[in-house]
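Residues per chain, in single letters:
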Amino acid sequence: MKQIRKFILYLFLIFILLFAGGSAYLYYNQDQLIDKILSEVNKSIQTPVEVGAIDINWWTDFPNISLRFQDVFIEESLERSSFPLAKLEELALSFNTWDFLKGDYLFEKIILKRGEVTIRTTRTGERNYDIIKSSENASGQSVNFNLKNIQIQEVQVNYVDEALKQSYLQYAQELKASLNKVGDVYHISAEGKLNSKAIKIGEYSYFENKNLTVNTELNYTYGTETVEILPSQLLFSGNEFQVSGNYEILNSYMDIKVKGIESDFTTFISLLPEDYRKQLADYESTGNAQFEGSFIGKLTAKEDPKVNFNFSVENASLFQAEYNTRFEDLSFHGNFNNGARQSLKTSQLVLKDLKGNLKGKPFSANLGIKDFENYLINLSTEGQISTQDLFTFFPHHEKYTQLEGLIDFNLNIAGYFDDFKQASTASRINNSGEIILSNLSGIYEDYPLPIREVNGRLMFNKNDIAINHLQGKIGDSDIELSGFFLNIIPYFLKDNQSLLIEAETISQNINLNELLSGLSNAENSIEKQEESFKFALSPKLQLDLTSHISKLEFKRFEGRKISGKIKLSNQILEAPQLGLESNGGKMTLSGTVNAKKKNDILINTQAYFQGMNVDSIFYTFENFQQDFLTDRHLKGKIDADVKAFILLDEGLSFQSDAFTATIDAKIENGELNNFEPMLSLSDYVREDELTNLNFGELSNTIEIRNKVIYLPEMSIQSNVSNILLQGTHTFNQEINYRLLVPLKNYKKQDSDEAFGAIEESGEFSNLYLKIIGTTDDFEVSWDKKRSLQSLADRVREEGQTLKKLIKGEKLPEKDKKEVELNEEEYFDW
């Protein structure tokens, strides 16, 4: 027992002596040893290497000798470049002690810590990692780069191929590797944890910020520059993938197979390129996914390998928390390949037997996409979806409330995607199928008028939709429509496309107050609705409608039995001949509404009134924004031809400066009741006769321009007398009326005051009057200039003038006979 103890003690002492001796040797000879090692290394490396500090020791990796470099900078091998191949805080090399003492510097271990290594190939094919001198140029063979143990800790490893536009950016948290050389073959194995920053191929990015566990083995053959990938495992997010195959570096040829051993739907989605992945980023997914595929062929700037992948998904689901929407029981299988010419042009994707349900509503589909440059789409799908679920996918879906109803669909869509955007290419696509709407309803926050009871069938034919009895209600308004929506798919897919609606519409009631304001009658007054009026015509919308409306409301206007054609094109609305009933009579209306200019609505109209009630017209149009002559003053039936130009702003406010009109009117059985200017003639005419002025017929042509109403000279055959009237009435309510009244013995007047305003005319004399001022402050006075002329005088004078002209006589100067007012004469109005 004592001998064993002594043996152990001696052995320990020998170890201590050897360790101390070796340490002392290294300590006192480290400079010479370091210089010698660096000299041997530099014989094999052809790029500059910069080192901040170097030390050599025995205790870091006993029994091997460790050489540690700090702040290492290794320049890449490209000419005229000083960028680093490697930049590390620490690089440690471990040597076998006995080989080291013999001068054979065989690296058994290398450690890289905290830094970055970038391996890249330029656009011209130059490589930045050719830092080892060829055997004929290297002096001596004492440095061997067969490494049994490589440790990489916290190092960013980048591989960039500029010619192929590919980047592999990986962060090695803790990776162990080995490199063993047998002849010209380097066997490389690696195991550990990586964080994949990104794998970028062209415009797409894969494996972004993925934590990976790798276990891989490679054989690299020097000279032929080939890499054999032995079956290797890649593990992330609990999913295992197997990669194997070959890659020929010199001609960029690959034959690589990838297989998902155990994977789920979430991982399958995470492998998609960023542009596609973002669209599904907010969805939580479950389910099983399987796929396997291959890359075979050259990968160069001008060539792509053949890509072929088969995949399937079963028992999957997608849940969107924000929309509270879940697709369940998803299953499908499919294939992707890049076709005969390995290009986007010949690529195709097929999804078969896609099935699932959305909140209990089943759907199915088959999808094929060919030609990824122009996208030839072939989709067939059928199913049912609720309005509530459909609108959850709309932007700003929170603005849609109280959604109800069901949508059944059975569609077949086929054609190039660009052909869907143009009306001229509609013949090249093949869309068919139908959509059935059942009891749809809802409210949109920005236009809160409720939409209710929407039912109908939409049948697709290429880019057009045939409408079969599409009906519904908007507020108090209703509409039933049958016809065509032409070019509807391009209209929604491309900005500069127009939608043409050719249809026949039937409505029981149209409430324009609601439709133009978006506010319901039940909750809002007309005044509040007027404040919200907004009128615009889309430049992309064209209409060709034949409409029948039983009742139409706008402010105080109410029209019935409206029928006719309505056309819209280039923001010009035309009504060639609308017929309607209103205000106790009939109206025929033709005109245009031009909304091309922003905030200006130009209306040109021609209308014919037949037997309409004058008081109703004044009431309907709110007495034309004045309270001087109102609906309570007037009665009678009017026939009129009206030509007018009206300018409104987008809020439908009347712009009086631009208003012009010509009105040929005839009023029958008319009454003028309690009209203040007439009552003010009581100084001349008995007041009880002025209160109710009846006239059998009144005809005239009235002109409106420059904010002035012009009343030409006209004859009024009233219950009091036949009188002449003319004058003007401005929009500022300034009035200037001239009257000629037959004079009879009735009421005494001051003869001096009336001098010049009375003329003798046959059986009785005529009195000239004028009414001047404003509607609030006017004055009735004698018109001594005699602005009007009696009909008898005009006929008599025109007859005498004609005779003299025939005889060739010279026309005399006009005689003006003025008479004094006889005290026994009176006015008969």
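Keep in mind the model is a prediction, meaning the values are calculated, not measured. (Residues numbered from 1 in each chain as written. Predicted model: local features only at pLDDT ≥ 70, side-chain atom pairs only at ≥ 80, totals over all residues. Heavy atoms only, no water.)

**Notes on the overall build of the protein**
Heads up, the condition is: Counting from the N terminus, the helices are the DSSP runs of H or I reaching at least four residues and the strands are the DSSP runs of E reaching at least two. Buried residues are those whose accessible area, probed at 1.4 Å on protein chains only, stays under 20% of the maximum for their type, while exposed residues exceed 50% and partly exposed ones sit between those limits. Note on definitions: a residue-residue contact is assigned when non-hydrogen atoms from the two residues lie within 4.5 Å. Accessibility throughout is a Shrake-Rupley quantity obtained with a 1.4 Å probe, and a residue counts as covered only by protein chains that appear here.
For the protein, the count of helices and strands is 13 helices and 41 strands. Looking at the protein as a whole, 41% of its 829 residues qualify as buried. Contacts in the protein between residues at least 24 apart in sequence constitute 53% of all its contacts with a sequence separation of at least 6. Roughly 46100 Å² of accessible area belongs to the protein as shown, and the carbon and sulfur atoms make up 51% of that amount.

**Considerations on the pattern of salt bridges**
Between side chains of opposite charge, a pair can form as their charged atoms come close. This is how it is decided: When a carboxyl oxygen of Asp or Glu lies within 4 Å of a side-chain nitrogen of Lys or Arg, that pair is called a salt bridge.
For the coordinates displayed, the defined rule picks out 16 salt bridges. The salt bridge involving Glu90 is made with Arg114; its shortest N-O contact spans 4.0 Å. With Glu90 in strand 4 (residues 84–95) and Arg114 in strand 5 (residues 105–121), this residue pair connects regions lying 24 residues apart in the sequence. Given a relative accessible area of 13%, Glu90 falls into the buried group. Between Glu703 and Arg705 there is a salt bridge, with its nearest N and O atoms 2.6 Å apart. With a relative accessible area of 33%, Glu703 lands in the partly exposed category. Here the residues in one salt-bridge network are Glu76, Arg120 and Glu162, joined through shared partners.

**A few points about the side chain of Ser386**
Assignment of secondary structure puts Ser386 in strand 20 (residues 376–386). Looking at Ser386, the relative accessible area reads 11%, which means it is buried. Apart from residues no more than four positions distant in its own chain, Ser386 is found in contact with Gly405 and Leu406.

**Some words on a negative patch on the surface**
The condition that has to hold: Nonpolar side chains (Val, Leu, Ile, Met, Phe, Trp, Tyr) are joined into patches within 5 Å and like charges within 9 Å, using only residues with over 30% relative accessible area and no salt bridge. When charges are counted, Lys and Arg contribute as positive and Asp and Glu as negative, whereas His and the chain ends are disregarded. Charged groups are reduced to one reference atom each: NZ for lysine, CZ for arginine, CG for aspartic acid, CD for glutamic acid.
A surface patch of negative charge is lined by Asp627, Glu676, Asp776, Asp777 and Glu779. Turning to its location among the elements, Asp627 is positioned in the loop between helix 9 (614–620) and strand 33 (634–648). A relative accessible area of 61% means that Asp627 is categorised as exposed.

**Section: the confidence of the model for the protein**
Note the cut-off: Scored between 0 and 100, pLDDT is the confidence that the predictor attaches to each residue.
With 74% of its residues at a pLDDT of 70 or more, the protein shows a mean pLDDT of 78. This stretch, residues 745–752, has a pLDDT under 50; its non-local contacts, to residues over four places away or in other chains, come to 23 contacts. Low pLDDT (under 50) marks residues 801–807, which in the prediction has five contacts with non-local residues, meaning those over four places away or in another chain.

**Focus on the pairing of strand 22 (residues 430–444)**
Counted only if it meets this: Any two strands with at least two DSSP-identified bridges between them are counted as paired.
Relative to strand 22, strand 21 (residues 400–416) runs antiparallel, the two sharing 12 bridges. From the neighbouring strand, Leu411 faces strand 22, where its bridge partner is Gly433. Two strands pair when backbone bridges link them, and strand 22 and strand 23 (residues 447–461) are joined in this way by nine bridges, in the antiparallel orientation. Bridge assignment links Tyr444 to a residue of strand 23, and that residue is Tyr447. Taking the residues between adjacent antiparallel strands as the criterion, strand 22 and strand 23 are bridged by two residues.

**Brief notes about the environment of Ile667**
By secondary structure assignment, the location of Ile667 is in strand 34 (residues 660–673). On a C-alpha basis, the gap between Ile667 and Gly636 in space is 6.3 Å, while along the polypeptide they are 31 residues apart.

**Concerning the nonpolar core**
What counts, and what does not: Residue types Ala, Val, Leu, Ile, Met, Phe, Trp, Tyr and Cys, when buried and joined through side-chain atoms within 4.5 Å, form a set referred to as a nonpolar core.
By size, the foremost hydrophobic cluster in this structure holds 81 residues, and its most contacted members are Leu112, Ile435, Leu437 and Phe485. In terms of residues, this core owes the most to one element, strand 16 (residues 306–320), which gives six residues. The next biggest cluster of nonpolar side chains, apart from the first, holds 43 residues, and it includes Ala607, Ile617, Val642 and Leu725.

**Overview of the packing of aromatic side chains**
Heads up, the condition is: Side-chain rings of Phe, Tyr and Trp, where Trp is taken by its six-membered ring, are said to pair if the distance between their centres is within 6.5 Å; with planes under 30 degrees apart they count as stacked, over 60 as edge-to-face, and otherwise as tilted.
Under the counting rule described, the total for this entry stands at 13 aromatic pairs. Geometrically, the ring pair formed by Tyr186 and Tyr220 is tilted, given 6.0 Å between the ring centres and 40° between the ring planes. Linking Tyr186 in strand 9 (residues 185–201) with Tyr220 in strand 11 (residues 210–221), this pair joins segments that are 34 residues apart in sequence. Note on Phe241 and Phe291: the rings are 5.5 Å apart at their centroids and 40° apart in plane angle, and the pair reads as tilted. One end of the pair, Phe241, is in strand 13 (residues 239–248); the other, Phe291, is in strand 15 (residues 283–298), with 50 residues separating them in the sequence. Of the two residues, Phe241 and Phe291, neither departs from the other in class, the shared state being buried.

**Topic: unusual backbone geometry**
A positive phi angle, close to 65°, is found at Asn487, a residue other than glycine. Overall, Asn487 belongs to the buried group, its relative accessible area being 9%. Non-glycine residue Lys555 carries a positive phi angle of around 50°. You can see Lys555 is positioned in the loop between strand 28 (541–554) and strand 29 (557–569). A residue is classified by how much of its surface remains accessible, and Lys555, at 26% relative accessible area, is partly exposed.

**Side note on the side chain of Gln170**
Position of Gln170 among the secondary structure elements: in strand 8 (residues 166–182). Judged by relative accessible area, which is 14%, Gln170 ranks as buried. Apart from residues lying up to four places away in sequence, Gln170 is in contact with Val155, Gln156, Val157, Asn158, Leu194, Asn195, Ser196, Ala198, Ile199 and Leu212.

**So, the environment of Gly334**
Note on placement: Gly334 falls in strand 17 (residues 325–337). A relative accessible area of 11% means that Gly334 is categorised as buried. Spatially, the C-alpha atoms of Gly334 and Leu367 are 9.3 Å apart, while their sequence positions differ by 33 residues. Excluding its chain neighbours within four sequence positions, the residues that come into contact with Gly334 are Phe309, Asn310, Phe311, Val350 and Leu351.

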